[in-house]
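Secondary and tertiary structure notes
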Number of protein chains: 2
Amino acid sequence: MEKEKLNTAKTITIYDIAKEAGVSASTVSRVLTGSASVRKEKKERIQKIIEKYNFKPNALAKGLSDTSTKTIGVIAADIRNPFYASLFVSCELAAEAAGYSVVLANSLGVKEREVNQLDYLMQQRVDAIIQIGGRVDDLVTDDSYAEKLRDICKTTPVVVTGKIDKAPVYSVSINQTKAMDIIMEHLIGLGHEKIAMVGGLMRVVSTYNKYNSYVENLKKHGIAVKGEYVINGNYDPVSGYEGTNKLLELSEQPTAIVAINDFAASGALRSIREHGLRVPEDISVVSFDNTYTADILSPKLTSIDYDYDHFGKMLVDTAIAVIKGQKTDDNQMVEPRLVFRESTGKAPD
Amino acid sequence: MEKEKLNTAKTITIYDIAKEAGVSASTVSRVLTGSASVRKEKKERIQKIIEKYNFKPNALAKGLSDTSTKTIGVIAADIRNPFYASLFVSCELAAEAAGYSVVLANSLGVKEREVNQLDYLMQQRVDAIIQIGGRVDDLVTDDSYAEKLRDICKTTPVVVTGKIDKAPVYSVSINQTKAMDIIMEHLIGLGHEKIAMVGGLMRVVSTYNKYNSYVENLKKHGIAVKGEYVINGNYDPVSGYEGTNKLLELSEQPTAIVAINDFAASGALRSIREHGLRVPEDISVVSFDNTYTADILSPKLTSIDYDYDHFGKMLVDTAIAVIKGQKTDDNQMVEPRLVFRESTGKAPD
DNA sequence: GGACTGTCTGAAACCGATTTCAAAATTAAT
DNA sequence: ATTAATTTTGAAATCGGTTTCAGACAGTCC
């Protein structure tokens, strides 16, 4: 198609509409927002012209005037990770349903970026900020970040997944303890006693909570806690792979592996296969997050799900409630459930 | 942490800074933007105050005044798909490097949403729009969408992946023909002649191009084109699974399967395994996109890669060039390359 | 018909930046 | 010391909406 010169065609404004309709801009604005009544015939005339030009009011001007942008900023650690992507999309849908839109800021796990993204969202005058994952989950939160967050909380509601007590934010967190309880009951119920945990970092709150629950569950069932059964990692496939390699070299191999997420589990699956063992006949694997990765792998993973739609809606509803000044719980919980698939089974004799 | 009432603390403006520094707002603005020189002592005084309050100018006011927001809107079909997510992130990084920021609009493949997202981005006064995937790829593009796009092109540069000739957009497209050439040469070089193609829809331009190249390559090598070796699908794991099931029921099973993307390939892998066959000893599988999925599966997938960083940078550079009124190629190509992994091998005898 | 009430409407101020324009303050030149 | 040339500076206009305020208009009631 031939490309005419990008002609910077004058964008049409509310004043243009007003002039053509023979009314004032105020009246057009009233029709647009429905904030006050306008004589029927005028209203229809104006609407016709709006329609004709497909006029859409400038969001910048509107936001400047309103001091509300009807926009929620979402900071995600890395949108390429399906866990964050799923949660982001359900936030987006929940926000839309409530008449808000959502702007994404990707921190990519870089501390400096995370601070910049906060600045960026504040400059954009978002009405609230939702942070999913990232720095807020870190036990050793950086001070400049916490300080910035504290500042922001003075003017803008902040809702985070996980928990942070260095700034007055609202939180919607996964009940990690319960999630691990469910997994351990599942595995122990299948006869497993040699249970390993692989792929996470203990300085991350969510992982730390899971670890504690892991230990508690073992104790409760009178099973000895073995240090060499817990292997740290970086939440990626390689971590799961290398961690599992180590586990399989132990004189007493575990019969079940709890991976910190589906990515780590994929690595575990690979390691097990390379050792000539079968899942779940020889070793069971279970993980957290139930992203689509769990469904793609062979065998399909048994994994902990959080009902992402509901999770996202809780985050958004909380943000909007605080925006509107309604009373809201400071700390809410998302309840996990187990999706049983092909990767777990009875412990070998 | 105790939650003080969200106190709507007056957000600080350029006027507040000006007053405290004993200068006019104009002067503060000049310091902020560096648009004109300011006496050194004053400048330092002002900077100190800006620093002290960590003042960041209101992006809405700035955009309104400038009529440029230094923002590029990106419409992606579904950010949960790792192909789009990777491309989005590299667009984001390229934009940042050029002093722009990026706002994501997720169409989720819903036609109506796609049109709304265009409106939304225009209301936000983005300086350009990049559309990755989605409606623009569709051969039977909807008219209301094309019309809107044509309208937008009058005022705002639009860059799309794929090609569309119903609106004067710029395009950066993958050389699909070349991509399929590479795959076919790879497979035929390994001795394969019974080659199937699975998982895509022929009304999608990119798939159609691949199909044509598939046929050409077979002909070139004097291999008969068999209709039953091409099975449509919806780009997801289930399509790959069911399509491969059909292929394996044929009296003459293929020895190689070209999946339309890594998702479809994951389904193919599952089907093959369930039929008691091995990859790549009995059947080779190769796919397009080289998302991380390719690296997670066992065996790891041989897949076509596009160098996402470069791809994203081309999209953004093109958008920015058009914004700046520089001359730019209407149609650019991204060259594919094969990443050889574990899922392809010599044809069985 | 006049007073009163309620509904519509436009002018003007405002949101918070940038930029133009002309005046004020410096500096350089003679 | 004057005048000319520069550099700095602030007032005011602008971007495109919303909202307040007060006046215009229409309808109701006596």
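Residues numbered from 1 in each chain as written. Chains lettered and ligands numbered in written order. Predicted model: local features only at pLDDT ≥ 70, side-chain atom pairs only at ≥ 80, totals over all residues. Heavy atoms only, no water.

What about the packing of helix α4 (residues 59-66) of chain A against helix α4 (residues 59-66) of chain B?
Direction vectors running N to C along α4 of chain A and α4 of chain B enclose 135°, while the axes themselves pass 9 Å from each other. Between α4 of chain A and α4 of chain B, the interaxial angle falls into the category oblique. Handedness of the α4 of chain A/α4 of chain B crossing: left-handed. Residues Leu-60, Ala-61, Gly-63 and Leu-64 of chain A of α4 of chain A lie in contact with α4 of chain B, whose contacting residues are Leu-60, Ala-61, Gly-63 and Leu-64 of chain B. Tallied by class, residues from the contact of α4 of chain A with α4 of chain B come to 6 nonpolar, 2 polar and no charged. (Axes fitted to C-alpha atoms, helices over the stretch in contact; angles between N-to-C directions. Helix = DSSP H or I, 4+ residues; strand = E, 2+ residues; numbered from the N terminus. Parallel < 35°, antiparallel > 145°, perpendicular 65-115°, else oblique. Left-handed = near helix turned anticlockwise from the far one by under 90°. Contact = heavy atoms within 4.5 Å. Nonpolar A, V, L, I, M, F, W, Y, C, P; charged D, E, K, R; others polar.)

Regarding the protein's contact with DNA strand C
Around DNA strand C there are 26 residues in total, and Thr-27 and Ser-37 of chain A together with Ile-14, Ser-29 and Ser-65 of chain B lie nearest to it. The share of sugar and phosphate among atoms of DNA strand C within 4 Å of the protein is 66%. Within the side chain of Ser-29 of chain B, a nitrogen or oxygen atom sits 2.4 Å from a phosphate oxygen of DNA strand C. In this structure, a phosphate oxygen belonging to DNA strand C sits 2.7 Å away from a main-chain N or O atom of Asn-58 of chain B. When residues of the surface near DNA strand C are traced back to their parent elements, those giving at least two are α2 (25-33) and α4 of chain A together with α1 (14-21), α2 (25-33) and α4 of chain B. Of the residues in the surface near DNA strand C, the class split is 8 nonpolar, 11 polar and 7 charged. (Near = heavy atom within 4 Å. Polar contact = N/O pair within 3.5 Å; in protein donor to acceptor, adjacent residues only side chain to side chain.)

Here's the deal with the sheet that holds strand β10 (residues 302-305) of chain A
Residue and element names in this part refer to chain A. What the 6 strands build is an open sheet, ordered β7-β6-β8-β9-β10-β12; its pairing is mixed. Each edge of the sheet is formed by a strand with only one pairing partner; in this case those strands are β7 (230-231) and β12 (337-339). Strand contacts of helix α10 (residues 237-249): β6 (195-198), β7 and β8 (256-259), with the helix running at about 145° to β6, the strand carrying the most contacts. (Pairing = 2+ DSSP bridges.)

Here we look at the interface of chain B and chain A
Listed by partner, the interface residues are 69 residues for chain B and 69 residues for chain A. Between chain B and chain A, the buried area comes to about 5,900 Å², and carbon and sulfur atoms account for 57% of it. Where chain B touches chain A, the interface holds 8 salt bridges. The salt bridge involving Lys-56 of chain B is made with Asp-119 of chain A; its shortest N-O contact spans 3.5 Å. Across the contact surface, chain B and chain A share 13 residue pairs in polar contact (both at pLDDT 80 or more). Elements with a minimum of two residues in the side of chain B that touches chain A: α4, α5 (82-97), β2 (101-106), α6 (111-123), α7 (143-153), α11 (262-274) and α12 (293-296) of chain B. For the side of chain B that touches chain A, the class distribution of residues is 31 nonpolar, 18 polar and 20 charged. (Buried area = accessible area lost by both parts, 1.4 Å probe. Salt bridge = Lys/Arg side-chain N within 4 Å of Asp/Glu carboxyl O.)

Observations concerning the packing of aromatic side chains
All names here are of chain A. All told, the structure shown has 12 aromatic pairs over all chains when counted by the stated rule. Here Phe-83 and Tyr-308 contribute two aromatic rings whose centre-to-centre distance is 5.8 Å and whose plane-to-plane angle is 70°, an arrangement assigned as edge-to-face. With Phe-83 in helix α5 (residues 82-97) and Tyr-308 in helix α13 (residues 308-323), this pair connects stretches of sequence that are 225 residues apart. Given the relative accessible area of 13%, Phe-83 is considered buried. (Phe/Tyr/Trp six-rings, centres within 6.5 Å; stacked < 30°, edge-to-face > 60°. Buried < 20%, exposed > 50% of the residue type's maximum accessible area, 1.4 Å probe, protein only.)

Some thoughts on the pairing of β2 of chain B
The element β2 of chain B is largely enclosed, with a buried count of 6 among its 6 residues. Regarding the hand of the β-α-β motif, the stretch spanning strand β1 (residues 71-76) of chain B, α5 of chain B and β2 of chain B is right-handed. (Right-handed = clockwise from strand over helix to strand, strands pointing away.)

Here's the deal with the domain arrangement of chain A
Residues and elements named next belong to chain A. Domains assigned within chain A are domain 1 (2-66), domain 2 (71-174 + 307-335) and domain 3 (176-305). Inter-centroid distance (C-alpha atoms) of domain 2 to domain 3 is 29 Å. Contacts between domain 2 and domain 3 engage 10 residues on the former and 14 residues on the latter. For the pair domain 2 and domain 3, the summed buried surface comes to about 1,200 Å²; carbon and sulfur atoms form 54% of the total. Viewed at the interface, domain 3 and domain 2 are joined by 1 salt bridge. A salt bridge links Lys-178 to Glu-335; the nearest nitrogen and oxygen atoms lie 2.9 Å apart. Applying the counting rule to domain 2 against domain 3 returns 4 residue pairs in polar contact (both at pLDDT 80 or more). Across the side of domain 2 that touches domain 3, the residue classes break down as 6 nonpolar, no polar and 4 charged. (Domains from an automatic or database assignment.)

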